[in-house]
Amino acid sequence: MRAQELALSRHAPVHAYEFADDAPPLPGATFDMGAYHTAELPYLFGVADMPAPLDAEQQRLSRQMIAYWANFVRTGDPNGAEVRNGTQVRWPTLPASVMFRNETITVTDSRAFAAEHRWDFWKSQPPPFP
């Protein structure tokens, strides 16, 4: 977890996520891109310059993600009626986060996330630009 996110989380609730859909749509792609940077945008906004038809499973995930984002905009907390009535996973604050993968939403501990993504290695690397 990035140091600034953890520092901020001591003063305000911070909600983190990882978008990890195995096969998000990318028009024109000739190979599986995995969860590339910005891949979650069609799930949230139906980005106009990137027509990306979602299959049924992706549409379900999209509806869940939109509910979280809308609750956050409305109240400052992504957890709303869907969490209270048991139809969605509770999105915790740091040091935990949620992972959106296919139609599954899981809670992830930041230490497990950091280990899986080898943050110690990446933190030890020099910045790409001086």
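These numbers were taken from a predicted model, which means no experiment stands behind them.

## A few points about the nonpolar core
- Judged by nonpolar contacts, the single largest core of 14 residues is most densely connected at F19, Y43, L61, M65, Y68, F100 and I105.
- Secondary structure elements with two or more residues in this core: α2 (41–45), α3 (56–75) and β2 (96–101).
- If one sorts the elements of this core by residue count, α3 sits on top with three residues.
- Among all residues touching Y68, those that are not within four sequence positions of it are P78, N79, V83, Q88, V89, W91, F100 and I105.

## Some thoughts on the confidence of the model for the protein
- For the protein, the average pLDDT comes to 80, and 90% of its residues sit at 70 or higher.
- Here helix α1 (residues 3–9) stands out as the element of the protein with the lowest mean pLDDT, 70, in contrast to α3, whose mean of 90 is the highest.

## Some words on the pattern of salt bridges
- This structure, assessed with the given rule, holds one salt bridge.
- With its nearest N and O atoms 3.7 Å apart, the salt bridge here joins D22 to R101. Placement of D22 in the loop between β1 (17–19) and α2 and of R101 in strand β2 is noted, with a sequence separation of 79 residues between them.
- You can call R101 partly exposed: its relative accessible area is 34%.

## Focus: the packing of aromatic side chains
- According to the stated counting rule, one finds nine aromatic pairs in the structure shown.
- The interplanar angle of 80° and the centroid separation of 6.2 Å between the aromatic rings of Y17 and W91 together place this pair among those described as edge-to-face. Within this pair, whereas Y17 is found in strand β1, its partner W91 is found in the loop between α4 (81–84) and β2, the two being separated by 74 residues in sequence.
- Looking at W91, the relative accessible area reads 4%, which means it is buried.
- Relative to F100, the ring of W69 lies with its centre 5.9 Å away and its plane at 45°, an arrangement referred to as tilted. Placement of the pair is W69 in helix α3 and F100 in strand β2, with a sequence separation of 31 residues.
- With a relative accessible area of 23%, W69 lands in the partly exposed category.
- F100 gets classed as buried once you look at its relative accessible area, which sits at 0%.

Conventions adopted
- Residues numbered from 1 in each chain as written.
- Predicted model: local features only at pLDDT ≥ 70, side-chain atom pairs only at ≥ 80, totals over all residues.
- Heavy atoms only, no water.
- Core = buried A, V, L, I, M, F, W, Y, C linked by side-chain atoms within 4.5 Å.
- Buried < 20%, exposed > 50% of the residue type's maximum accessible area, 1.4 Å probe, protein only.
- Helix = DSSP H or I, 4+ residues; strand = E, 2+ residues; numbered from the N terminus.
- Contact = heavy atoms within 4.5 Å.
- pLDDT = per-residue confidence, 0-100.
- Salt bridge = Lys/Arg side-chain N within 4 Å of Asp/Glu carboxyl O.
- Phe/Tyr/Trp six-rings, centres within 6.5 Å; stacked < 30°, edge-to-face > 60°.

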